[in-house]
Amino acid sequence: MIQMKKSKISVIGLGFVGLSLAVINAKKGFQTIGIDSDKKKLKNLQKAKIDFFEPNLSKYLKESIKSKKISFTENLAQVLKTDITFITVGTPSAKDGKIDLTSLKKVVSDLHKILKNKPTSHLIVIKSTVVPTTTTQIVLPLLKNLKNVGVAVNPEFLREGNALDDLMKPHLIVIGSKNEQDYKTLERYYKQFYQIMPDVIKTDQNTAEMIKYANNAFLATKISFINAIANICQKLPSVDVNTIAYAIGKDPRIGSQFLQAGPGFGGSCLPKDLSALIKFSEKFGDHNLFFKAVENMNQLQLLQIIQMLKSMKLFNSKKVISILGLAFKKDTDDLREAVSVKLVKNLLKNGLKIQVHDPMALLNFKNIFQEKISYFKKIEDCLEGANCCIILTEWDDYKKLKPTVFKKNMKERNIIDTRRIFDPAKFTEFNFKAIGLGPM
Ligand code: UGA
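Quantities reported herein were computed from a predicted structural model and do not represent experimental measurements.

Rules of the game
Residues numbered from 1 in each chain as written. Predicted model: local features only at pLDDT ≥ 70, side-chain atom pairs only at ≥ 80, totals over all residues. Heavy atoms only, no water. Helix = DSSP H or I, 4+ residues; strand = E, 2+ residues; numbered from the N terminus. Rg over C-alpha atoms; globule rule 2.2 N^0.38 Å. Contact = heavy atoms within 4.5 Å. Phe/Tyr/Trp six-rings, centres within 6.5 Å; stacked < 30°, edge-to-face > 60°. Buried < 20%, exposed > 50% of the residue type's maximum accessible area, 1.4 Å probe, protein only. Pairing = 2+ DSSP bridges. Axes fitted to C-alpha atoms, helices over the stretch in contact; angles between N-to-C directions. Core = buried A, V, L, I, M, F, W, Y, C linked by side-chain atoms within 4.5 Å. Salt bridge = Lys/Arg side-chain N within 4 Å of Asp/Glu carboxyl O. Near = heavy atom within 4 Å. Polar contact = N/O pair within 3.5 Å; in protein donor to acceptor, adjacent residues only side chain to side chain. Nonpolar A, V, L, I, M, F, W, Y, C, P; charged D, E, K, R; others polar. Left-handed = near helix turned anticlockwise from the far one by under 90°.

Caption draft 1: Structural view of the overall build of the protein chain. The number of helices and strands found in the protein chain is 16 helices and 14 strands. A compact globule built from 440 residues would reach a C-alpha radius of gyration of about 22 Å, and the protein chain, at 24 Å, matches this within 12%. Here the C-alpha coordinates of the protein chain stretch approximately 75 × 50 × 45 Å along the principal axes. For the protein chain, long-range pairs separated by at least 24 residues make up 74% of all intrachain contacts whose partners lie at least 6 apart in sequence.

Quick look at the structure:
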């Protein structure tokens, strides 16, 4: 069989998506150039140092640097040495909740200047999450008159903390392109990337963009749905939302994933994408009551925790609250839109004393709250003298904790388990509250 020459790849924007993509490309044998405007980040990457945590990424990065399959630069013109450029720059929320496309527009107009004289064909792949019509109405006009340059929209479904696995085994590849050639180029690349080719949906650019939003909006909806059920369970002694979630998850029409009740969804994607979708559809006069309800439900979970503290008579300045888990979910050090940040701000405003622990996000938390709260590397030390412990992140280390650890170290036996990681039956001596658990 004739082996096709592997495409050369450039990736612009080295956040968790871009860097994961670049590193896995290099690991798979593609010559890869990672491009970013942040000089400090690049310097660190050249030394295989990553400024966030993603399981195994550091190991694979070291291997790829050693095998010389990956290099890093701030010079965008390096894309000329490659065949396919993935754009993975951030598209954050602006103050009004709309999508902020500043970085994307800058990169695309710079690429226009650089690729103007490229003699061979080049494919630009938009991986950044962008609201529908961004590619057709903003990206393509910025690239006008480029003869050899194609554009495809190729959203990703990577989860932080699982990015490499999700890259290796995606449930789907979506390719939105205007012409057959661009589609074929990207499909050929993926055929080189995967031994077993995942399912591919070939569609237009607007649809590809919308698929990403529909996907994240549905995930957000599932979480707000189970949290709404949890809040009803809260009023029903003996009804446990985990049992409800397990039961309805057995229905293949519903599915078992994303039915874990908790303090609300955070992170850099679900909240921002939901808000961008709402703002986008408002342009057409859509009131979007449904997604606004999903958003409101999410914000309600924080109030639910505060309500629990109040009902336990712990919401006053004499109380010490120990928080286990700060990251927006386990296996990451990311605090973006984390409930922990909002909760601590609220508790501090009301004069409570805060002690925190997290296996990975402690330093990032310190950068926000400085000396206003106390930070602990050991769980036991974080519990010392506390009137209440709130579990905010479902770290595996916390799941192993026995009631004796709490009993030994805390001043009072109050626990709020927002992630439902403990078996309430084992905490009968405690004033134990959990989201979606009837009063004990
Ligand atoms: C999310 C999507 O899951 C990815 O498919 C998508 O690619 C990514 O956004 C993106 O757009 O880039 P991520 O933000 O990494 O991924 O995090 P999730 O695993 O989706 O979790 C989001 C939040 O929902 C977390 O706070 C998590 O604790 C919460 N969650 C999740 C629940 O409260 N309950 C659940 O059952 C699941």
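Caption draft 2: Seen up close, the packing of aromatic side chains. Across all of its chains, the model carries 17 aromatic pairs by this definition. Ring centres of Y190 and F193 lie 6.5 Å apart, and the angle between their planes is 70°; this geometry places the pair in the edge-to-face category. One end of the pair is Y190 and the other is F193, both in helix 7 (residues 180-193) and three residues apart, which spans about a single turn. The same class applies to Y190 and to F193, which are both buried. Ring centres of F290 and F291 lie 5.2 Å apart, and the angle between their planes is 75°; on these two criteria the pair is classed as edge-to-face.

Caption draft 3: Representation of the environment of L45. Of note, L45 is situated in helix 2 (residues 39-46). What makes L45 buried here is its relative accessible area of 2%. It is 30 Å that separates the C-alpha atoms of L45 and E394, two residues lying 349 residues apart in sequence. Aside from chain neighbours lying at most four places away, what touches L45 is L14, L19, I50, L61, I65 and F72.

Caption draft 4: Highlighting the sheet that holds strand 10 (residues 353-357). If you trace the six strands from one edge of the open sheet to the other, you get 11-10-9-12-13-14, paired in parallel fashion. Every interior strand has two partners, whereas the edge strands, strand 11 (374-376) and strand 14 (431-434), have only one. If you compare each strand with its neighbour and ignore which way they point, the axes differ by 20° on average. Pairing of strand 13 (residues 414-417) with strand 14 involves four bridges; the strand directions are parallel. Across the sheet, N414 pairs through a bridge with N431, a residue of strand 14. Across the sheet, helix 13 (residues 362-369) lies against strand 10 and strand 11, angled at about 175° from strand 11, the strand it touches most.

Caption draft 5: Summary view of the sheet that holds strand 3 (residues 70-73). Reading across the sheet, the eight strands line up as 3-2-1-4-5-6-7-8 and stay open at both edges, with mixed pairing between neighbours. Of all strands in the sheet, those bounded by a partner on one side alone are strand 3 and strand 8 (200-203). Within this sheet the neighbouring strands show an average axis-to-axis angle of 25°, counted without direction. As judged from the four bridges shared by strand 4 (residues 84-87) and strand 5 (residues 122-126), these two strands associate in the parallel manner. Residue pairing in the sheet places I84 in a bridge with L123 of strand 5. Most of the contacts of helix 4 (residues 102-115) go to strand 4, to which it runs at about 165°, and overall it touches strand 1 (9-12), strand 4, strand 5 and strand 6 (149-153).

Caption draft 6: Region of the structure containing the environment of I415. Positionally, I415 belongs in strand 13. Distance in space between the C-alpha atoms of I415 and I321 is 9.8 Å, their sequence separation being 94 residues. In this view, I415 contacts M312, C389, F406, F427, F430, N431, F432 and K433; residues no more than four positions away in its chain are not counted.

Caption draft 7: Region of the structure containing the nonpolar core. Of all hydrophobic cores here, the largest spans 63 residues; its most connected members are I323, L324, F365 and F406. Of all hydrophobic cores here, the second largest spans 38 residues; its members include I84, L123, Y183 and L186.

Caption draft 8: Quick look at the pattern of salt bridges. Considering all chains together, one arrives at 23 salt bridges under this definition. Among the ionic pairs, D166 bridges to R159, the shortest N-O distance being 2.7 Å. By relative accessible area, D166 is classed as buried at 12%. In this structure, E429 and R413 form a salt bridge, with 3.1 Å as the shortest nitrogen-oxygen distance. Highlighted residues: E429 in the loop between strand 13 and strand 14 and R413 in the loop between helix 16 (403-409) and strand 13, separated in sequence by 16 residues. Judged by relative accessible area, which is 37%, R413 ranks as partly exposed.

Caption draft 9: Inspection of the site of the ligand at higher detail. Every one of the 20 residues lining the ligand counts as a neighbour, but L158, E160, K212, N216 and R419 are closest to it. Take L259: an N or O atom from its main chain is 3.3 Å from an oxygen atom of the ligand. Between the ligand and F328, the relevant distance is 2.9 Å, taken from an oxygen atom to a main-chain nitrogen or oxygen of the residue. When contributions to the shell around the ligand are tallied by element, the ones reaching two or more residues are helix 8 (205-233) and helix 10 (270-282). Per-element tally for the shell around the ligand: the top contributor is helix 8, with four residues. Looking at the shell around the ligand, its residues break down into ten nonpolar, three polar and seven charged.

Caption draft 10: Inspection of the packing of helix 8 against helix 10 at higher detail. Between helix 8 and helix 10, the shortest axis-to-axis distance is 9 Å and the interhelical angle comes to 115°. In the crossing of helix 8 with helix 10, the sense of the turn from one axis to the other is left-handed. Residues M210, K212, Y213, N216, A217, L219, A220 and I223 of helix 8 form the contact with helix 10, whose participating residues are L270, D273, L274, A276 and L277.

Caption draft 11: Focus on unusual backbone geometry. In this structure, N56 takes a positive phi of about 70° despite not being glycine. Residue placement: N56 occurs in the loop between helix 2 and helix 3 (57-66). Judged by relative accessible area, which is 43%, N56 ranks as partly exposed. One non-glycine residue, E337, lies in positive phi territory at about 55°. In this structure, E337 sits in the loop between strand 9 (320-324) and helix 12 (339-349). Note on E337: relative accessible area 41%, which makes it partly exposed.

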